[in-house]
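Tertiary structure, described
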Amino acid sequence: PHPLVQESVDAAAEVGVTKFRSPIAGSLYALVSDHVVQDRVVFPGAGYLEMARAARCATVNDTARAMLRKTYFLQPLFLQTPTDVVLSCEVNLEKESFEIFSSDVEQERTVHCAGDVLALGEVPTAPDALAVREQSGRTLEPATLYDAFRRIGLEYGSAYRPITNIWVGHGGLAVASMRKRSNLFGTRVHPADLDGALQLTSVLAEGSSDETRLPFMVAEAALSTASGRIGAVVEREGANTSSVWLSRMTIGGKAGAQLRGFETRVLKATTQPVIRRD
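Residues numbered from 1 in each chain as written. Predicted model: local features only at pLDDT ≥ 70, side-chain atom pairs only at ≥ 80, totals over all residues. Heavy atoms only, no water.

A closer look at the sheet that holds strand E4 (residues 40-42)
- Across the sheet, three strands lie side by side as E3-E4-E6; this open sheet has antiparallel pairing. The open sheet terminates on both sides in strands that have one partner only, identified here as strand E3 (36-37) and strand E6 (78-79). (Pairing = 2+ DSSP bridges. Helix = DSSP H or I, 4+ residues; strand = E, 2+ residues; numbered from the N terminus.)

Focus on the packing of aromatic side chains
- In the structure shown here, the tally under the stated rule is six aromatic pairs.
- With 6.2 Å between their ring centres and 45 degrees between their planes, Tyr-48 and Phe-73 make a pair best called tilted. In this pair, Tyr-48 is assigned in helix H2 (residues 45-60) and Phe-73 in strand E5 (residues 66-73), connecting sequence segments 25 residues apart. Each of the two residues, Tyr-48 as well as Phe-73, counts as buried. (Phe/Tyr/Trp six-rings, centres within 6.5 Å; stacked < 30°, edge-to-face > 60°. Buried < 20%, exposed > 50% of the residue type's maximum accessible area, 1.4 Å probe, protein only.)

Observations regarding the confidence of the model for the protein chain
- Residues with a pLDDT of 70 or more make up 93% of the protein chain, whose mean pLDDT is 89.
- Per-element mean pLDDT across the protein chain ranges from 84 in helix H3 (residues 129-134) up to 98 in E5.
- Contacts for the low-pLDDT stretch residues 270-278, under 50 throughout, to residues beyond four places or in other chains number 19 contacts. (pLDDT = per-residue confidence, 0-100. Contact = heavy atoms within 4.5 Å.)

A word on the pattern of salt bridges
- Applying the stated criterion to the full structure yields 10 salt bridges.
- When the shortest N-O distance is used, the salt bridge between Glu-50 and Arg-53 registers 2.9 Å. Residue Glu-50 and its partner Arg-53 are located together in helix H2, separated by three residues, close to a single helical turn.
- The exposure class of Glu-50 is buried, given its relative accessible area of 0%.
- The partner of Arg-133 in a salt bridge is Glu-134, and the shortest N-O contact between them spans 3.8 Å.
- We classify Glu-134 as exposed; its relative accessible area is 61%.
- Taken together, the shared-partner salt bridges in this structure form one network comprising Glu-90, Glu-99 and Arg-109. (Salt bridge = Lys/Arg side-chain N within 4 Å of Asp/Glu carboxyl O.)

Describing the nonpolar core
- If you look at the biggest cluster of nonpolar residues, it comprises 71 residues, and the most contacted ones within it are Phe-43, Phe-98, Leu-194, Leu-246 and Leu-259.
- Examining the composition of this core, we find that eight residues originate from one element, H2, more than from any other.
- Setting aside anything within four residues of it in sequence, one finds Leu-194 in contact with Ala-46, Leu-49, Val-189, Leu-223, Leu-246, Ala-257 and Leu-259.
- Membership of the second largest hydrophobic core comes to nine residues, among which are Ala-126, Val-132, Val-175 and Trp-245. (Core = buried A, V, L, I, M, F, W, Y, C linked by side-chain atoms within 4.5 Å.)

Focus on the environment of Asn-61
- Among the secondary structure elements, Asn-61 is positioned in the loop between H2 and E5.
- On the basis of relative accessibility, which here comes to 68%, the residue Asn-61 falls in the exposed class.
- Along the backbone, Asn-61 and Ser-202 are 141 residues apart, and their C-alpha atoms lie at a distance of 36 Å.

What follows is the structure in structure tokens.
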């Protein structure tokens, strides 16, 4: 089973709603345990996108592709194990919407991500990563990027350091090659690979480099399949907004993931527990 969509459950009486749940302990935790922010494992924003894609596709059972729109990351999910907390995704086909929330044995519920979800027709074409690389003005060592992340509390483990090379081009463009992905562990867009593409946006971000930023929203995300030898291309849209593509490093390749209007915000200090009462 998909590590983020492990079982289907009865979603109450609302017509057109399908609910999937996955225990935090086990394969879900193993998938994201190297995503560490300020000494705590935090479920990655990329994981919510893959979870929504998988839930929508499991609901209709006829495609591996999905389009997400107006997706908001509402509340960070801090993970710890062992735990009895489960992460659930409800898909409403009539409203073309989804909601991802965590809950414990007392059914205390915290919503972490929500947005619109619908079918994806044609898979978008990614920018020519090789051309961007050839036109790049400078290179950046991935170790330099991850050292900078560590100083602001983003302490990625090895699984969430997929970037192997970085080229910074002109006109607000950057490209990165990634470690070859031979095992998707049941996913279609592995959260570590998509998170690596999102990490690349920090190379082009404006503002203070001492701020810890987390995903806030994505205007539009087209997700299909990203595997093999892939790379990422990012283009700055605004001070804290970017477009992101994840695809094979080939000319005219199809995008395994395309994000438009990806926006980040500063992580504010919090003492909130993993689960809070609504």
